[in-house]
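Read off the chains here:
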Amino acid sequence: MKEVRTLYVDGGEDGVRLDRWFKRRWPHLNHVQLNKLFRSGQVRVDGSRAKADTKLAAGSQIRVPPLPDAPDPADKGKLSARDIAYARSLVLYEDEDVLALNKPAGLAVQGGTKTTKHIDKLLSAWGEGVDRPRLVHRLDRDTSGVLLLGKSPAAAAKLSGAFAKRKAQKTYWAIVVGNPHPTEGVIELHLAKRGVNDRELVVPADPKDKDASPAETEFVTISRAGPRASFMALRPHTGRTHQLRAHMKAIGHPILGDPKYGDEKSAPLSEGLKLQLHARSILLPHPSAGMLHIEAPLSPEMQAGFAKFGFSEDEADQNPFARRQTKRR
């Protein structure tokens, strides 16, 4: 773009940071380029100089200076027709506000130094800038199941708010070693990231530890395969990294197929299995009206675990935590 333009903030972008407003329209601009524009005063909001973290109001005028051209569409970063078809094949639910994907195990949500294929990249299948869906929560790379996104800034903000205010009920299915006693309850253990040997793990920590964060997980046993393993429903009430995996390890019942949090008890039972953790469903307020309930079918990895131990989806109630909720009233 070689000319100066004046654009207006959309009603659905009220409260969005200035740098994020730019990134949604011109995703090829990097952090350094944007900060240079802001520092030099080339970007103006309602006639005044503005910083990257300036919160925008609906209807505000933004002076947009000439910007560097986007990379050629033929660049290797562009999604192929095959990638676009693959991204679309993951859709569980879609409307004007919400996109729900069935994330496969092994596919990262966001990229990294050595991660070139990930969900965030695949979102280009829906467009760029304001048309690009926005992540509102995360799943571990090896966890399968429901991943929710907002299709507009306003919808993403409302969905993110539901998670932040604990109005979203996430239900995970897992197969763990042994039989937890009691068979249902709540795990309340602070967690902190620690370097263990040559890798970083999340471990229980003293609440007074400056690095510790409170974490709470509700659990219910759905079925048992004798004393060897149990089919569990897990509901995180907080959203810490590796929370479910770390909490189940902490109470002596690590999730099977977990290369990071497994132990000598889970290793032999995990033979031939990938991580037995699946984001089964999400229930939360829809950004427009009513409630939204999304459910993901069992992944091939979880199907292998169910077959190995003789578990069945039919053993789980629609809401495995209903009985506990009734008890608390």
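Above this text you will find the structure in question.
Figured I'd write up the structure that's included with this text. (Residues numbered from 1 in each chain as written. Predicted model: local features only at pLDDT ≥ 70, side-chain atom pairs only at ≥ 80, totals over all residues. Heavy atoms only, no water.)

Details of the overall build of the protein
Along the protein, the regular secondary structure elements total nine helices and 16 strands. Dimensions along the principal axes, computed over C-alpha positions, put the protein at roughly 70 × 45 × 45 Å. By the burial criterion, 47% of the 329 residues in the protein qualify as buried. For the protein, the share of sequence-separated contacts (at least 6 apart) that also reach a separation of at least 24 residues comes to 65%. In the structure as shown, the protein presents an accessible area of about 16,800 Å², 49% of it carried by carbon and sulfur atoms. Of the charged side chains in the protein, 53 are positive and 39 negative, and the gap between their average positions amounts to 4 Å. (Helix = DSSP H or I, 4+ residues; strand = E, 2+ residues; numbered from the N terminus. Buried < 20%, exposed > 50% of the residue type's maximum accessible area, 1.4 Å probe, protein only. Contact = heavy atoms within 4.5 Å. Areas by Shrake-Rupley, 256 points an atom, 1.4 Å probe, with all protein chains shown as cover. Lys, Arg positive; Asp, Glu negative; His and termini not counted. Charge placed at Lys NZ, Arg CZ, Asp CG, Glu CD.)

Some words on helix H2 (residues 31-39)
Within the sequence span of H2, burial applies to Leu34, Asn35, Leu37 and Phe38. All buried residues of H2 fall inside an arc of 155° around its axis, so they share one side. Opposite the buried face of H2, by more than 90 degrees, sit the exposed residues Val32, Lys36 and Arg39. Tucked into the core, H2 has its buried residues touching helix H1 (18-25) and strand E3 (48-49). If you check the start of H2, you find a side-chain oxygen 2.7 Å away from the backbone N of glutamine 33, and it comes from asparagine 30. Following H2 by one or two positions, glycine 41 has its phi on the positive side, about 80°. (Arc of directions from axis to C-beta. Polar contact = N/O pair within 3.5 Å; in protein donor to acceptor, adjacent residues only side chain to side chain.)

Details of the packing of aromatic side chains
Evaluation of the coordinates by the stated rule reveals ten aromatic pairs. When the centroid spacing of 5.2 Å and the interplanar angle of 80° are considered together, the rings of tryptophan 173 and phenylalanine 231 count as edge-to-face. Of this pair, tryptophan 173 sits in strand E9 (residues 169-177) while phenylalanine 231 sits in strand E14 (residues 229-236), placing them 58 residues apart in sequence. The burial state of tryptophan 173 is the same as that of phenylalanine 231; both residues are buried. With 4.8 Å between their ring centres and 65° between their planes, phenylalanine 231 and phenylalanine 306 make a pair best called edge-to-face. (Phe/Tyr/Trp six-rings, centres within 6.5 Å; stacked < 30°, edge-to-face > 60°.)

Some points on the pairing of E14
Most of E14 is tucked away, with eight of its eight residues classed as buried. In this sheet, E14 lies alongside E9 in antiparallel orientation, the contact comprising six bridges. For tryptophan 173, the partnering residue across the bridge sits in E14 and is alanine 233. Where strand E13 (residues 216-225) lies against E14, eight bridges are found, and the strand directions are antiparallel. When the sheet's bridge partners are listed, threonine 221 is paired in E14 with methionine 232. Between E13 and the antiparallel strand that follows it, E14, lie three residues; glycine 226 among them carries a positive phi value of about 60°. (Pairing = 2+ DSSP bridges.)

Section: the sheet that holds E3
With antiparallel pairing, the four strands of this open sheet are ordered in space as E1-E4-E2-E3. Strands with a single pairing partner mark the edges of an open sheet, and in this sheet they are strand E1 (5-8) and E3. The pairing of strand E2 (residues 44-45) with E3 spans two bridges and is antiparallel. Note on E3: the bridge partner recorded for valine 45 is serine 48. Where H1 meets the sheet, it contacts E1, E2 and strand E4 (61-64), and its direction lies at approximately 65° from that of E4. (Axes fitted to C-alpha atoms, helices over the stretch in contact; angles between N-to-C directions.)

Concerning the environment of lysine 249
Along the chain, lysine 249 falls in helix H6 (residues 243-250). With near-sequence residues (within four places) excluded, lysine 249 lies in contact with Pro254, Tyr261, Gly262 and Asp263.

Here we look at unusual backbone geometry
Note: most peptide bonds trans; most residues except glycine with negative phi. Looking along the chain, the bond that leaves histidine 181 and enters proline 182 is cis, with omega of 0°. A positive phi angle is found at arginine 166, which is not glycine, with a value near 60°. Mapped onto the elements, arginine 166 comes out in the loop between helix H5 (153-164) and E9. A positive phi is found at histidine 242, a non-glycine position, where the angle reads about 55°. Turning to its location among the elements, histidine 242 is positioned in the loop between E14 and H6.

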